Structure formats: structure tokens, C-alpha cells
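Listed below, chain by chain, are the residues.
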Amino acid sequence: MNSETTNIRIRKEDEALILAIETSCDETSASVILGGKHILSNIVSSQIDIHERFGGVVPEIASRKHVEAITVIMEQAVKKSGHELADLSAIAVTQGPGLVGALLVGIVAAKTLSLALDIPLIGTHHIAGHIYANGLVHELIYPSIALVVSGGHTELVLMKEEGVFEVIGRTRDDAVGEAYDKVARSLRLPYPGGPHIDRMAGEAQTSIDLPRAWLEEGSFDFSFSGLKSAVLAVINQTRMKGEALDEAALARGFQESVIEVLVVKALRAVKQFGVRQLLLCGGVAANRGLRDALAQRCEEEGVDLLAPPGNLCTDNAAMIGAAAFLKFKRRQFTELDMRADPGLSLEQWSVRAGIS
Ligand code: KG4
Ligand code: ZN
């Protein structure tokens, strides 16, 4: 992944213009980022309305829709930034994790531009993007812990220094957003169901008590499939008895279980590693209940809770540009034969030591 690319337009860092591309799932997005920090444009085209009728993302359809959208979205991002292609310093693109066919669309577009403009390519980790979305709106200090909660990931990540990732906890089954979407589906709510459950939980007067999966003593891992089964059991039992289901109370019980486990483990990690900042990120970071509970606990512990605004929590290319800048600064570029990697390791994507 170390390239000696001849780059004709590498600028001073704070003048670097990175065009970033994100196509890992169901959003086609392109963004121009100045100096790793300033969003000049961030165009996001969501396919949610197309996948909604299937109750989830259909990979083949996602790829096809990315193909249709990618050129226009990139053009819009460059135009809106007030710059031209010739001004760009590097092209960043999500290399993984994600749907392989969807990733490929962004990667082919990025390689083509990198080659045509003779500027470096930076294959970027999607989760590093979610984490460094925080860097677009906050000053980050190290060591820090990130709680990554999205449709595909639930992870606690320790960063002892900038761009160096250590995954200290991960889900052993469903990602938290996935659990939200499955529970929502069993309540016949539209896809993606997370926001609906969040709203219902906030409006509920009562709560149905559900189990918490703490796992072994000291573990930072998560498990949500047992909770999901417990929700299904409540739904089935109520139906069999011919009783009316208090859906709001069930949504609240589910949300309370999820939030308690996330908050307790995140705060334990914060204490154990002596960090001063907790970075919340990923689509589920938009969850009101989670934000409020974390904010309260962090305040009690004297820790700063950072979270990006809603539009930078869900998938977008600006966050990919922010993460890519970590490598741009260190001139750690990617070869043009880079391949989409649905299982790309966050730890291995860390910046290489020595140069800062
Ligand atoms: O990060 P993201 O946009 O895509 C992935 O990379 O996975 O996250 C999407 C996930 C979906 O599962 C969606 O239901 C969930 O984030 N989500 C929420 C909320 N808003 C979005 N889950 C719970 N509460 C919310 N308010
Ligand atoms: Zn994501």
C-alpha cells in the first residue's frame, strides 16, 4: 500500500484538496475537503427509498444505482467546492468494509481519476471515516476511545495516537443498527427502522423489561442477537394470547437494554484507558436516547463526549476525506492495483509509525 506515486499537485497540508468518494452501502457520496478539516462540498444521494420496499439493502440494486449516480455526484461535489478537477491534490475512496459490488463502483471511479489527473489514490477504511467525522467538527486529543455504532458495526476502538486503531471490543453477532432494523421489521415499521424505534421509545409511557448481554467479566464485546430473540418472543407470546401488544413499551424496553450495555462498556473503557474524549459515531449515533445517556454519564465522569452532527453520522464522503487526510499528511498512498476489501481490518489500516 506504499506508493511512490509521482504527484504533481501535492500542496501544503492546509491547502490540500481531497476529493473523497463513498459507495460502500446504499449512499452514493462525493465530497471535497480542504486541509483535512473543511468541508467544501458533501453530496449524498441515498438509495433508501429504493431498498425500503425490500426491507433492507439489496446488493445488486445498490451497485447498479451507484453506477448510475457516481459520475453526476462527483461532478456536483467538485462544482460545489468552487474548484476544478485540476486543483485536486488526491482522490480518496472507501476500500472496505462494505458490499463488494458497491465498493467497486467507487473504487473504479477513484482509480480512473487518480490515473487521469496523475494524483495519489488513498484507499480508506469506512470505520476510520466514521470515527474521523468527529475531526471535522472537533479538536481531537489522544488517547481517545471511539464507540462505533452503525448498521454494520458495533465496536469500541482505542486510539493511543492519531490514526492508530486498536479494536478492544466488537459485536459477536448483530451490529446494533442491524438489531434495531430487525426489531423494527418485526413491528412492521419501515426500513431503516432505527429512527422509528428511537421515536417510539421516547414517547412510551412504560417499558417492557428485557435482558442485557454483559458477556464475560471485563469483556468489551457486545451481543445483540439474544435481545432480538427476546423481543420476538414477547411479540409471539402476546399474539398467541390474543392480547394487544404495547409496541411503544417494547421499543423502549429494547432501547433501554441496548443503551445500558453500550454506555456501561464505553464508560468502563474510558476509565480503564484513562482517556479524556469519547467519540461517538456511526448511523446509530443519531439515537437520542443513546446520546442523552452517554452525555449524562460522561459529564458525571468529567469526560468530553464528541459526536458529529446527524448528516456526518450516516454514511457520507466527507468523513472518508477526513480519514484519508491522516494518510495524505504522511504521504502513505495506495497503489492503483488496490482491490475492494469487504473485510478490511481497521487495525491494519492504521497509519504507519515514524512520520507525522
Ligand atoms: O452508519 P450507517 O449510516 O450505515 C452503516 O454504515 O451501517 O448506519 C445506518 C444504521 C441503520 O441500521 C439505522 O437504522 C441506524 O443506523 N439508525 C438508528 C437511528 N438513526 C439511524 N438507529 C437507532 N436510532 C436512530 N435514531
Ligand atoms: Zn457506515
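Within any chain, residue numbers begin from 1 and follow the written order of that chain's sequence. Labels are handed out in written order, letters beginning with A for the chains and numbers beginning with 1 for the ligands. A pLDDT threshold of at least 70 governs which residues receive local features in this predicted model, and a stricter bar of 80 or more applies before side-chain atom pairs are shown or counted, although totals over entire chains, interfaces and linings include all residues. Think of the side-chain values as coming from all heavy atoms in the structure, minus any hydrogens and water.

Bringing the side chain of glutamate 22 into the picture now. Each helix corresponds to a stretch of at least 4 residues labelled H or I by DSSP, and each strand to a stretch of at least 2 residues labelled E; elements are numbered beginning at the N terminus. Within the secondary structure, glutamate 22 sits in strand β1 (residues 17-22). Engagement of the side chain of glutamate 22 in a polar contact is seen with the side chain of histidine 126, the distance being 3.0 Å. By definition, residues are in contact when any of their heavy atoms lie within 4.5 Å. If near-sequence neighbours (up to four positions away) are discounted, glutamate 22 is found in contact with Glu27, Thr28, Ser29, Thr94, His126, Asp315, Asn316, Ala317 and Ile320. Polar contact criterion, stated in full: a pair of N or O atoms within 3.5 Å, where within protein one must be able to donate a hydrogen and the other to accept it, and residues adjacent in sequence count only if both atoms are side-chain atoms.

With that settled, the discussion passes to the pattern of salt bridges. Working definition: two side chains of opposite charge can pair if their charged atoms are close together. Only one rule defines a salt bridge in this text: a Lys or Arg side-chain nitrogen within 4 Å of an Asp or Glu carboxyl oxygen. Summed over all chains, the structure comprises 16 salt bridges. Linking glutamate 216 and arginine 172 is a salt bridge whose minimum nitrogen-to-oxygen distance equals 2.9 Å. Here glutamate 216, found in the loop between α6 (194-203) and α7 (225-240), pairs with arginine 172, found in the loop between β8 (166-170) and α5 (176-186); they are 44 residues apart in sequence, far enough to count as distant. We call a residue buried when its accessible area falls under 20% of the maximum for its residue type, exposed when it is over 50%, and partly exposed in between, using a 1.4 Å probe and counting protein chains only. Given a relative accessible area of 43%, glutamate 216 falls into the partly exposed group. Between aspartate 174 and lysine 228 there is a salt bridge, with the nearest N and O atoms lying 2.8 Å from each other. Pair noted here: aspartate 174 is in the loop between β8 and α5 and lysine 228 is in helix α7, with a separation of 54 residues, a long-range link. Here the salt bridges do not stand alone but share partners, grouping Asp174, Glu178, Lys182 and Lys228 into one network.

Bringing the sheet that holds strand β5 (residues 121-125) into the picture now. What the five strands build is an open sheet, ordered β3-β2-β1-β4-β5; its pairing is mixed. Strands at the two margins of the open sheet, each flanked by one partner only, are β3 (38-46) and β5. Direction aside, the axes of adjacent strands within the sheet are offset by 20° on average. Pairing between two strands is assigned when DSSP locates at least 2 bridges connecting them. As paired elements, β1 and strand β4 (residues 90-96) share four bridges and run parallel to each other. Its bridge partner lying in β4, isoleucine 18 is registered against alanine 90. Lines fitted to the C-alpha atoms define the axes, with helices restricted to the stretch that makes contact. Angles between their N-to-C directions range from 0 to 180 degrees. On the sheet, helix α2 (residues 59-81) packs against β1, β2 (27-34) and β3 and is oriented at approximately 25° with respect to β2. Seen against the sheet, helix α3 (residues 100-117) touches β1, β4 and β5 and runs at an angle of roughly 155° to β4.

Every protein donor of the zinc ion (ligand 2) is listed here as His126 (NE2), His130 (NE2) and Asp315 (OD), and their distances to the metal cover 2.0 to 2.1 Å. Geometry at the zinc ion (ligand 2) is irregular, judged from its four donor atoms and the angles of 94 to 143° they form at the metal. Excluding water, the donors of a metal are its N, O and S neighbours within 2.8 Å, or within 3.2 Å for Na, K and Ca, and that exclusion means sites may look incomplete. Between consecutive donor residues of the zinc ion (ligand 2), the sequence gaps follow H-x3-H-x184-D. With histidine 126 and histidine 130 both in helix α4 (residues 126-132) and four residues apart, this pair spans about one turn of that helix. In this pair, the class of histidine 126 matches that of histidine 130, namely buried. Here a site with four donors is tetrahedral if all angles are between 85 and 135 degrees, and a site with four or six donors is square planar or octahedral if opposite donors are over 155 degrees apart and the other angles are between 65 and 115; anything else gets the irregular label.

Each domain's extent was defined by an automatic or database domain assignment. Taken as a whole, the protein chain is organised into domain 1 (13-132 + 314-349) and domain 2 (141-307). Between domain 1 and domain 2, the C-alpha centre-to-centre distance is 27 Å. Tallying the contact residues gives 20 residues for domain 1 and 20 residues for domain 2. Buried area counts how much accessible surface, traced with a 1.4 Å probe, disappears from two parts once they are put together, with both parts' losses summed. At the boundary of domain 1 with domain 2, total buried surface from both sides reaches about 1,700 Å², with 65% on carbon and sulfur atoms. For the domain 1 face of the interface with domain 2, the top three residues by lost area are Ile131, Tyr132 and Glu347, together amounting to 31%. Remark: the boundary between domain 1 and domain 2 carries two salt bridges. For glutamate 162, the salt bridge is made with lysine 329, and the minimal N-O distance between the two is 3.0 Å. For the pair domain 1 and domain 2, the number of links is five residue pairs in polar contact (both at pLDDT 80 or more). At the level of secondary structure, the elements contributing two or more residues to the side of domain 1 that touches domain 2 comprise α1 (48-52), α4, α11 (317-329) and α12 (346-349).

Before going further, it helps to examine the sheet that holds β8. Spatial strand order, β8-β7-β6-β9-β10: five strands in an open sheet with mixed pairing. In the strand order of this sheet, the two ends are held by β8 and β10 (304-306), each with one partner. Taking the axes of each pair of neighbouring strands and ignoring which way they run, one obtains an average angle of 20° across the sheet. For strand β7 (residues 154-159) and β8, the ladder comprises four bridges, and the chain directions are antiparallel. By the bridge assignment for β8, glutamate 155 is matched with arginine 170. Helix α9 (residues 288-301) contacts β6 (144-149), β9 (277-281) and β10 of the sheet and is inclined by roughly 180° relative to β9.

In a regular helix each residue adds 1.5 Å, so 13 residues correspond to 18 Å; α11 covers 18 Å between its end C-alpha atoms and thus fits that length. Among the 13 residues that make up α11, twelve are buried, leaving the element largely enclosed by the rest of the structure. Inspection of α11 places Ala317, Ala318, Met319, Ile320, Gly321, Ala322, Ala323, Ala324, Phe325, Leu326, Lys327 and Phe328 among the buried residues, and these make up the whole buried set. In this structure asparagine 316 caps α11, since a side-chain oxygen of it lies 3.0 Å from the backbone nitrogen of alanine 318. Downstream of α11 by one or two residues, arginine 331 has phi in the positive range, about 55°. Expected helix span is taken as 1.5 Å per residue step, with the number of steps being one fewer than the number of residues.

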